[in-house]
Amino acid sequence: MTILLTGGSGFLGSHVAEQLSLAGRPVRALVRKTSDTRFLASLPGVELVDASISDREAIVRAAAGVTAIVHCAGLVKARNEDEFHQVNLGGTENVLAAAAAAGSGFRRLVLVSSQTVAGPSDPQGTPVSADSPPRPLTAYGRSKRAAERAVLQQRDALPVVVLRPAAIYGPRDREILAFFKAVNSRILPYFGSTQHRLSIVHGADAAAACIAAIDAPVASGSVYFIDDGAVHTMADLFDAVERAMGKKAWLRVPLPEALVRAVALGSELYGKATNQAQMLTREKCNELFREWVCDGAPARRDLGWAPKIEIREGIRLTAAWYREAGWL
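A brief report on the enclosed structure follows.

Reading the values: the criteria
- Residues numbered from 1 in each chain as written.
- Predicted model: local features only at pLDDT ≥ 70, side-chain atom pairs only at ≥ 80, totals over all residues.
- Heavy atoms only, no water.
- Helix = DSSP H or I, 4+ residues; strand = E, 2+ residues; numbered from the N terminus.
- Buried < 20%, exposed > 50% of the residue type's maximum accessible area, 1.4 Å probe, protein only.
- Pairing = 2+ DSSP bridges.
- Right-handed = clockwise from strand over helix to strand, strands pointing away.
- Phe/Tyr/Trp six-rings, centres within 6.5 Å; stacked < 30°, edge-to-face > 60°.
- Lys NZ or Arg CZ within 6 Å of the ring centre and 35° of its normal.
- Expected span 1.5 Å × (residues − 1).
- Contact = heavy atoms within 4.5 Å.
- Polar contact = N/O pair within 3.5 Å; in protein donor to acceptor, adjacent residues only side chain to side chain.
- Patch = residues over 30% accessible without salt bridge, like charges linked within 9 Å, V, L, I, M, F, W, Y side chains within 5 Å.
- Areas by Shrake-Rupley, 256 points an atom, 1.4 Å probe, with all protein chains shown as cover.
- Salt bridge = Lys/Arg side-chain N within 4 Å of Asp/Glu carboxyl O.

This part is about unusual backbone geometry. Within the chain, Arg172 stands out as a residue other than glycine whose phi angle is a positive 80°. Secondary-structure assignment places Arg172 in the loop between strand 7 (167-169) and helix 6 (177-185). For Asn275, which is not glycine, the phi dihedral falls at a positive 60°. For Asn275, the position within the fold is in the loop between helix 9 (257-274) and helix 10 (285-288).

Take a look at the structure:
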């Protein structure tokens, strides 16, 4: 009954581990030596295994006898496209080898991919379906698409499911923290228009979808978007953050695309000079000013799963966690 989890010390992985632990399902979590494992170590039934997803032999050993693998690990920023592919594709290929060697009781490999694989919506915010041709705009998206292809090529040999979460937020997330800090400072910069539409999902709901995909009687090779079932605007997100913080930003500042691209160029040059991966790149700007709406209805129909946390409650819970953790 043991489930192998990659990326367990990450944001989504920590929620997957927490829910499996609460359900009494044994977890074998791969962690790196540099990972912060304090939260995982506090969870009953979670075994920590020191291994990188780039180490095929270690992953194969860790997968011996497991009934499922939830593959959350991956890079979200890298120094170049090759580095993205080495980890996001190469790591997935290693996980596939581990799944093939796991044993006769193996039931499911769940690959956590990304909405970015499909690409943005049209200017009207029409939800993108999982059947739409992939149109990734960045090296990250292309590397996740390559990982998906590797998994789907094995659909006849292994029981596999691919999940593409929309933007994930919630406790332990460092990405959305910037919005809370901005509201706290009373100045809220943003990209494009406050009416840009997007799909989102709370971390706990995304984790529940990962677990549901282990057991759901769906065809191998199924691909699903995961969202909270609603279409939001950036204004909705800002209003929810302000409500949760109990204060309003005195100034909302739209950032012109030309300015953001200039800053992104500076970020890239700094990254090259210091040999450090940067999140903001000129290619990333291709995503920042677009509509990002996906169709999550098939996941709710097929996986026996439904999101439970709507945006205002999710943002409130996130703000409370940030305060308790001392991040705000």
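Another point: the pairing of strand 1 (residues 3-6). Here strand 1 shows a buried face lined by Ile3 and Leu5 and a second buried face lined by Leu4 and Thr6. Bridge count between strand 1 and strand 2 (residues 27-31): three bridges; the pairing is parallel. Along strand 2, the bridge assignment pairs Leu4 with Arg28. Chirality of the crossover, the property in question, places the unit of strand 1, helix 1 (residues 11-22) and strand 2 among those that are right-handed. Pairing between strand 1 and strand 4 (residues 68-71): four bridges, direction parallel. Across the sheet, the residue bridging to Ile3 is Ala68, located in strand 4.

Enumeration according to the criterion identifies eight aromatic pairs in this entry. Taking 5.7 Å as the distance between ring centres and 15° as the angle between the ring planes, the aromatic pair formed by Tyr322 and Trp327 counts as stacked. A relative accessible area of 0% means that Tyr322 is categorised as buried. Counting every residue linked through ring pairs, the aromatic cluster contains Phe180, Trp321, Tyr322 and Trp327. Directly above the aromatic system of Phe39 lies the positively charged group of Arg172, at a separation of 4.2 Å from the ring centroid.

With 21 residues, helix 4 (residues 81-101) should reach 30 Å at 1.5 Å per residue; the first-to-last C-alpha distance of 29 Å fits that figure. Within helix 4, burial applies to Glu83, Phe84, Asn88, Leu89, Gly90, Gly91, Thr92, Asn94, Val95, Leu96, Ala98 and Ala99. Residues of helix 4 that are buried in the fold lie against strand 1, helix 3 (56-62), strand 4, strand 5 (108-112) and helix 5 (139-152). The backbone nitrogen of Asp82 lies 3.2 Å from a side-chain oxygen of the residue at the head of helix 4, namely Asn80.

Turning to a nonpolar patch on the surface, a few remarks are in order. Among the surface-exposed residues, Ile187, Trp250 and Leu251 lie close enough to one another that they form a single nonpolar patch of about 380 Å² accessible area. Mapping Ile187 onto the fold places it in strand 8 (residues 187-191).

This part covers the pattern of salt bridges. Applying the stated criterion to the full structure yields 20 salt bridges. A salt bridge links Asp215 to Arg107; the shortest N-O distance between them is 2.4 Å. Taken together, the positions of Asp215 in helix 7 (residues 203-215) and Arg107 in the loop between helix 4 and strand 5 put the pair 108 residues apart, joining distant regions of the chain. Using a relative accessible area of 39% as the deciding quantity, one classes Asp215 as partly exposed. For Arg107, a relative accessible area of 36% corresponds to the partly exposed category. A salt bridge links Arg316 to Glu313, with the shortest nitrogen-to-oxygen separation between them at 2.7 Å. Linking Arg316 with Glu313, this pair stays in helix 12 (residues 311-325), spanning three residues, or about one helical turn. The exposure class assigned to Arg316 is partly exposed, which follows from its relative accessible area of 41%.

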